[in-house]
Amino acid sequence: MWLLTKAIDSSWLCPRECWCDPEEDILDCSHASLKELPQIYHNPIYKLYLHHNNLSILAKKAFVSKSILQIEFLHLHNCQISYIDVDAFNGLVLLDFLNLYDNLLTGLKVGTFKNMTHLQSLHLGKNRIKNLEAGIFEGLTSLEWLNLAHNLLYSLGSDTFIGLTNLKNLLLWHNRLSTLHPDVFMHLTKLNALYLDENEQLQIPSNSSFLNIQTVEFLYLQDCNISSVMPKSFENATNLAKLILSNNNLKTIDYNIFRVMPKLTHIFLDGNPLECDCGLLKVWRWCQEHNIEVVGYVEHFVLCESPKEVSGLWLGVLGKAQCINGSIMYEEDYNSAVPNYVETRDDYFSRYDNFITYVEPVIHILLFIFGVIGNVAVLVAIICNSGMRTVPNVYILNLAVSDLLLLTINTIFPYINKVSDSWKFRDVLCQMFGFFRQSSIGVSPYLISVLSILRYQGISRPLHNRRQSMTRIITIATILGIWTICSLFAIPHTLAMHFTEECSVWLSLKYYQKVVVFELLVFCIFPLGITVCMYCLAAIHLMRSTNIASGEVHNQGNSRRSTTRIVLSFTLVFVVSLLPYHLLWTSIIRRESDYPIEMYYMYNISTYLLIFNSCFNPVALCCSSKCYRSYFKHYLLKCCGRKSPTTANIAKK
């Protein structure tokens, strides 16, 4: 009730065009065709998503007028913004993150970011900014990340970055920069990574220092059309650890460049027309002696372009060479050199994407086909044969229905979700998925719990007579109650689901961390506890019982033992598949830090286990019950066009 109240209160106060996180600290108004900022009716809001709207202009005190003052994260990318008033961000003194990426800005006025002393990340990339006025960033004393990539900047003044005393990452790639004053970054006393790649007209001076800043460890200069680099250019880059010169026009490098960069560990040279001559041999040997990796990104190896005999071979072929009278000579087995490269986090995710694209669909298809065939066979066996319509089998029938629902939701919907990003009802589809998925997940363990209760009653009171009509009413009421309760339990999960770029719970993670603990209790621990308790009580009763059964009771005992094996099989399948899923998923959601790539694989495995539960229930029935095994054989043989035993013969068995 607390979870429901929290979510309902939040949605009640949420602006009509927006989605509100049940914890009331995230407001998503993206893709809403807004022409002005929404009015906020409840505080505090810490994260505000306004991307993909038509705001055009941010007027004076735009956020003060809408009572939006507590936000710490503001997303305004792709909003067609062409003008920002100098006082537009007044009042946002707590802002940590501001995203203005992919708009129509041509410039900014001095004072636009005044009093934003908490701002740590500012994204101005993919606009049309040609010039930055002196002191435009003055006052942003906490800023650590500044993105100015994909603009039209052609020059930078020596006082452009005044005030950015804590800046660590500066992104200037894909601009029109040609020359840089060596003192342009001198005010950035903590700069760690500088991205200047894809500035095709950028010139690196050969007789003077390129950068007068000693703190930079990562310098990105790929795709800049650079034809030479000299030691003098980097004489002040004494802390440089990685120098990325990929995809330029370098034929060789003066090995003395490494003398002025004593901390260099990696130099990236892939995509250059390297001439593997005596000069480059000196570079190779220096790097080998000083543990400097000469590498390329991903699988883009550093290759020789000349001389002809080694053209297209990995640079490591220089390890098979020697310089004689100014000419390079290669050993006969030089073709055996094996290329190397630095494997990055992107590589791991690239492999994961390939797994999701090519392997996962095959797994889903196989599980879906196998599960549907088995569960449909269960439904047909129970529905088409009056002798199978016993109380336990009615619960098994509902178990098959929930399994079919779970199979459909988990194998078909993810692919519908991928093509529904432009669908106007994407949140409706997303929440429908969440509701039916959690409902079907919850029904199975509760049906198994009820079956375990029936088994205990059958063992402890075998001769207890009950009116058949009353039993039928109780059975129907119990099944309806289970579906109703599981539907109610699924509502908090439904309210946490939201469609951004995909259907997920990540935007309401703080609220969902509570929901997932609730689901672990009500969908796993509680029904599993009931089942284990019933089996323990049944075992105790059997140990105490010393009655010798008559022939009739013996037959009833065989029937009860068969049903007991069925329920026990379901329980074991539940423990093997659903319990790991709930425990793993809860631990993933509760984890506060960044997720390693292994977590993504574990998440997929847990989902396969969940689907596997729905596939294996018919197998458990087939293995533990001769009657079900006979019916399965009958219907499968019939579908294959072969002769099969008659229903009467099956009944006799």
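Check the entry above for the structure.
Residues numbered from 1 in each chain as written. Predicted model: local features only at pLDDT ≥ 70, side-chain atom pairs only at ≥ 80, totals over all residues. Heavy atoms only, no water.

*Asks:* Can you help me understand unusual backbone geometry in this one?
*Replies:* When glycine is set aside, most residues are seen to have a negative phi, and most peptide bonds are trans. Residue Pro307 is bonded to the preceding Ser306 through a cis peptide linkage, with omega at 0°. Within the fold, Pro307 resides in the loop between β17 (304–306) and β18 (321–324). If you check the backbone angles, Ser56 has positive phi at about 65° while not being a glycine. Mapped onto the secondary structure, Ser56 falls in the loop between β3 (47–49) and β4 (57–58). You can call Ser56 partly exposed: its relative accessible area is 32%. Even without glycine at this site, Asn291 takes up a positive phi of about 55°. (Helix = DSSP H or I, 4+ residues; strand = E, 2+ residues; numbered from the N terminus. Buried < 20%, exposed > 50% of the residue type's maximum accessible area, 1.4 Å probe, protein only.)

*Asks:* Can you help me understand a nonpolar patch on the surface in this one?
*Replies:* The grouping of Trp12, Leu13 and Tyr41 at the surface amounts to a nonpolar patch, some 420 Å² of accessible area in total. In this structure, Trp12 sits in helix α1 (residues 2–13). With a relative accessible area of 73%, Trp12 lands in the exposed category. (Patch = residues over 30% accessible without salt bridge, like charges linked within 9 Å, V, L, I, M, F, W, Y side chains within 5 Å. Areas by Shrake-Rupley, 256 points an atom, 1.4 Å probe, with all protein chains shown as cover. Salt bridge = Lys/Arg side-chain N within 4 Å of Asp/Glu carboxyl O.)

*Asks:* Is there a simple way to explain α1 in this structure?
*Replies:* Three or four residues apart is the spacing at which side chains of an α-helix point the same way, because the helix has 3.6 residues per turn. Taking 1.5 Å of rise per residue, 12 residues should cover 16 Å, and α1 covers 17 Å from first to last C-alpha, within 8% of that figure. Those residues of α1 not exposed but buried are Leu3, Leu4, Ala7 and Ser10. The buried residues of α1 occupy an angular sector of 140° when the element is viewed end-on, so they sit on one face. Across from the buried face of α1, at angles greater than 90 degrees, the exposed residues are Trp2 and Trp12. (Expected span 1.5 Å × (residues − 1). Arc of directions from axis to C-beta.)

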